[in-house]
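Residue-level structure breakdown
Residue strings, one per chain:
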Amino acid sequence: MQRSERSHYDVVIIGCGLSGLAAGIRLAHFGKKVLILEKHNAPGGLNSFYSIAGRKYDVGLHAVTNYVPRGTKGGTPLMRVLRQLRIDWEDFALIPQKTSRIQFPGVALNFDNDFQTLEASVAAAFPKSIEGFRKMVSILPTFDEALSHPNRSTSGRAFLKTYIQDPVLIDMLLCALCYYGSAREDDIDFSQLAVLFRSILMEGFARPAEGIRRIIRALLDRYRQTGGERQMKCAVTALNIKAGRVTSLTLSTGEVLTADTVLSSIGAVETFNLLSEKPEAAKPPIPGALSFVETLSHYPLALTQGLWEETIVFFSDHYPFCYRAPKELIDPGSGVICLSHNYAFKGEDIPTEGCLRVTALAHPQAWHKLDASTYAV
Ligand SMILES: Cc1cc2nc3c(=O)[nH]c(=O)nc-3n(C[C@H](O)[C@H](O)[C@H](O)COP(=O)(O)OP(=O)(O)OC[C@H]3O[C@@H](n4cnc5c(N)ncnc54)[C@H](O)[C@@H]3O)c2cc1C
């Protein structure tokens with residue numbers, strides 16, 4: 001739905017990425033007059049899509065985590081999100097992964113959407129650590145417990161060390177968990193460890209054959225049906241503050257809107273920078289040190305046959321695993337390889353091309369210092 005003429009909203013959401021859309025659906029569903037503002041012309045944010053010369057690309061999607069088969073009982077996060085957004089299971093059309101791997105020098109752990117595969121792999125590669133691994137899994141907080149856990153910001157690495165003897169196994173688990181969600185160098189917050197361990201290693205990976213388009217379309221349809229409004233190509237340029245509260249928003253179109261509540265999904269640093277007046281007591285948020293580069297290649301499917309069956313490979317070509325901002329532009333010594341054609345596609349969903357994504361750690365300031373033409377090369 002396009003934006004109406006009225007310029008006051010119950011809630012304005014900055015950003016039409018996945019979180020902005022999900023929040024918009026819930027709020028509109030409960031009767032709020034909601035507007036989503038997005039500076040780009042395409043929805044989806046970091047998880048958006050584009051086309052070049054007729055070929056479709058996803059900006060980022062490797063995998064939808066937390067995959068569980070249709071009808072799984074027990075309020076798993078995927079089932080809960082679908083229920084809360086009133087989206088049917090079929091609307092996301094998720095296809096499960098085949099198999100994935102964590103690869104270190106001379107040792108590999110295999111995993112898939114059945115946790116027993118990882119357990120058996122740990123038992124075979126690290127027999128002395130399997131009991132500790134099982135104990136660790138048995139006391140791991142649930143998703144809900146993890147988010148409000150009193151130790152949520154403590155070291156995930158220290159937690160693993162309490163249960164697992166073998167430092168290589170600890171680094172292998174950290175490699176997978178950090179790459180998919182740690183903002184902390186060489187470590188991960190305890191609550192994040194618990195959430196990601198469950199999301200990636202105990203539940204699992206899937207993806208729609210069409211990629212992220214399918215999910216964004218389902219979210220946009222739902223948002224529209226609930227009566228939510230959105231305006232694209234419209235950046236918020238200032239959050240105007242009076243007496244410590246946001247009283248209005250200035251837009252790149254020159255308009256000024258008011259709202260009872262403003263939700264921002266654009267990041268703490270970016271939101272802080274929009275404030276017309278910085279609260280005296282507030283410390284400016286500090287940008288994280290970690291950043292990534294991702295390369296994407298398409299090639300004939302026949303080239304991959306018999307070579308790689310995995311969907312995702314987390315790797316480090318050295319031990320100990322090093323998860324920190326590199327001194328050079330990138331550190332190709334560890335990362336994630338995603339073969340997005342290697343999901344369990346069937347029939348007409350089987351892709352006609354191979355697609356290889358490689359993610360590695362990068363040094364953000366070093367990239368920012370490059371002039372535009374060098375950056376592009
Ligand atoms: C390369 C890469 C690969 C990834 N792979 C996966 C994956 O496989 N699986 C997975 O689950 N997650 C993955 N992620 C993470 C996932 O993409 C993000 O966690 C998720 O997209 C964040 O969504 P969001 O809505 O919170 O924020 P964002 O996607 O950042 O959305 C914020 C939106 O706000 C807009 N915006 C910014 N400033 C303004 C402004 N001033 N006014 C108006 N609009 C503004 C932006 O344009 C953007 O659309 C990946 C991320 C990257 C970068």
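Residues numbered from 1 in each chain as written. Predicted model: local features only at pLDDT ≥ 70, side-chain atom pairs only at ≥ 80, totals over all residues. Heavy atoms only, no water.

In terms of nonpolar packing, the biggest core is built from 52 residues, with F133, M136, L160, F197 and F314 touching the most fellow members. Among the elements that make up this core, the one with the highest residue count is helix α8 (residues 167-179) (11 residues). When residues of this core are assigned to domains, at least three fall in each of domain 2 (113-203) and domain 3 (288-376). Setting aside residues up to four positions removed in sequence, L160 forms contacts with M136, I170, L173, L174 and L193. Core analysis: the next-biggest nonpolar cluster, separate from the first, contains 28 residues, M79, L85, A206 and I216 among them. (Core = buried A, V, L, I, M, F, W, Y, C linked by side-chain atoms within 4.5 Å. Buried < 20%, exposed > 50% of the residue type's maximum accessible area, 1.4 Å probe, protein only. Helix = DSSP H or I, 4+ residues; strand = E, 2+ residues; numbered from the N terminus. Domains from an automatic or database assignment. Contact = heavy atoms within 4.5 Å.)

Mapped onto the secondary structure, I266 falls in the loop between β12 (256-264) and α11 (268-274). Overall, I266 belongs to the partly exposed group, its relative accessible area being 30%. Put simply, I266 and K128 are 138 residues apart on the chain and 45 Å apart in space, counted from C-alpha to C-alpha. Beyond its immediate stretch of four places on either side in the chain, I266 contacts I14, T271 and L274.

As far as domains go, the chain holds domain 1 (8-59 + 213-274), domain 2 (113-203) and domain 3 (288-376). Computed from C-alpha coordinates alone, the two centres of domain 1 and domain 2 are separated by 34 Å.

This paragraph deals with unusual backbone geometry. Y319 connects to P320 through a cis peptide bond whose omega is 0°. As for its position among the elements, P320 is in the loop between β14 (312-316) and β15 (330-339). Positive phi, close to 65°, is recorded for N66, a residue that is not glycine. Within the element layout of this structure, N66 appears in the loop between β4 (55-58) and α2 (77-85). Located in the positive-phi region is D186, a residue other than glycine, with phi close to 55°. Among the secondary structure elements, D186 is positioned in the loop between α8 and α9 (190-203).

Turning our attention to the packing of helix α5 (residues 130-139) against helix α7 (residues 156-163). The angle between the axes and the distance between the axes are what describe a pair of packed helices. One way to put it is that α5 packs onto α7 with a least axis distance of 8 Å and a crossing angle of 125°. When the axis of α5 is compared with that of α7, the two are oblique. Touching G132, F133, K135, M136 and I139 of α5 are F159, L160 and Y163, all from α7. Each residue belonging to the contact of α5 with α7 can be placed in one class, and the counts come to six nonpolar, one polar and one charged. (Axes fitted to C-alpha atoms, helices over the stretch in contact; angles between N-to-C directions. Parallel < 35°, antiparallel > 145°, perpendicular 65-115°, else oblique. Nonpolar A, V, L, I, M, F, W, Y, C, P; charged D, E, K, R; others polar.)

The next point concerns the layout of surface pockets. What the second largest pocket holds in volume is close to 480 Å³. Taken together, 21 residues make up the lining of the second largest pocket; nearest its centre are K56, R207, A209, E210 and H298. Elements with a minimum of two residues in the lining of the second largest pocket: β4, β13 (291-300) and β16 (353-362). Of the residues belonging to the lining of the second largest pocket, the class tally is six nonpolar, six polar and nine charged. When residues are assigned to domains, the lining of the second largest pocket turns out to be shared by domain 1 (8-59 + 213-274) and domain 3 (288-376), each giving three or more. (1 Å grid on protein atoms, 1.4 Å probe; cavity = no way out; pocket = protein on both sides within 12 Å on 5 of 7 lines; lining within 4 Å. Points joined across faces, edges and corners; volume = space filled by probe spheres on them.)

Attention shifts here to the packing of aromatic side chains. Scanning the model with the defined rule gives 18 aromatic pairs in all. Above the plane of the ring of F272 lies K278, whose end atom (NZ or CZ) is 5.4 Å from the centre. (Phe/Tyr/Trp six-rings, centres within 6.5 Å; stacked < 30°, edge-to-face > 60°. Lys NZ or Arg CZ within 6 Å of the ring centre and 35° of its normal.)

All right, on to the state of the cysteines then. When the sulfur atoms of two cysteines share a covalent bond, that bond is a disulfide. Scanning all chains against the criterion turns up zero disulfides. The cysteine C175 is free of any disulfide, with C178 supplying the nearest cysteine sulfur at 7.9 Å. In this structure C234 is a free cysteine whose sulfur lies 12 Å from that of C16, the closest cysteine sulfur available. Note on C234: relative accessible area 1%, which makes it buried. (Disulfide = S-S within 2.5 Å.)

End to end, α8 covers 18 Å across 13 residues, agreeing with the expected 18 Å (1.5 Å per residue, within 8%). Most of α8 sits out of view: 12 of its 13 residues are buried. Considered for burial, the residues of α8 that qualify are V168, L169, I170, D171, M172, L173, L174, C175, A176, L177, C178 and Y179. The residue sitting at the N-terminus of α8 and contributing the capping side-chain oxygen is D166; that oxygen lies 2.9 Å from the backbone nitrogen of V168. (Expected span 1.5 Å × (residues − 1). Polar contact = N/O pair within 3.5 Å; in protein donor to acceptor, adjacent residues only side chain to side chain.)

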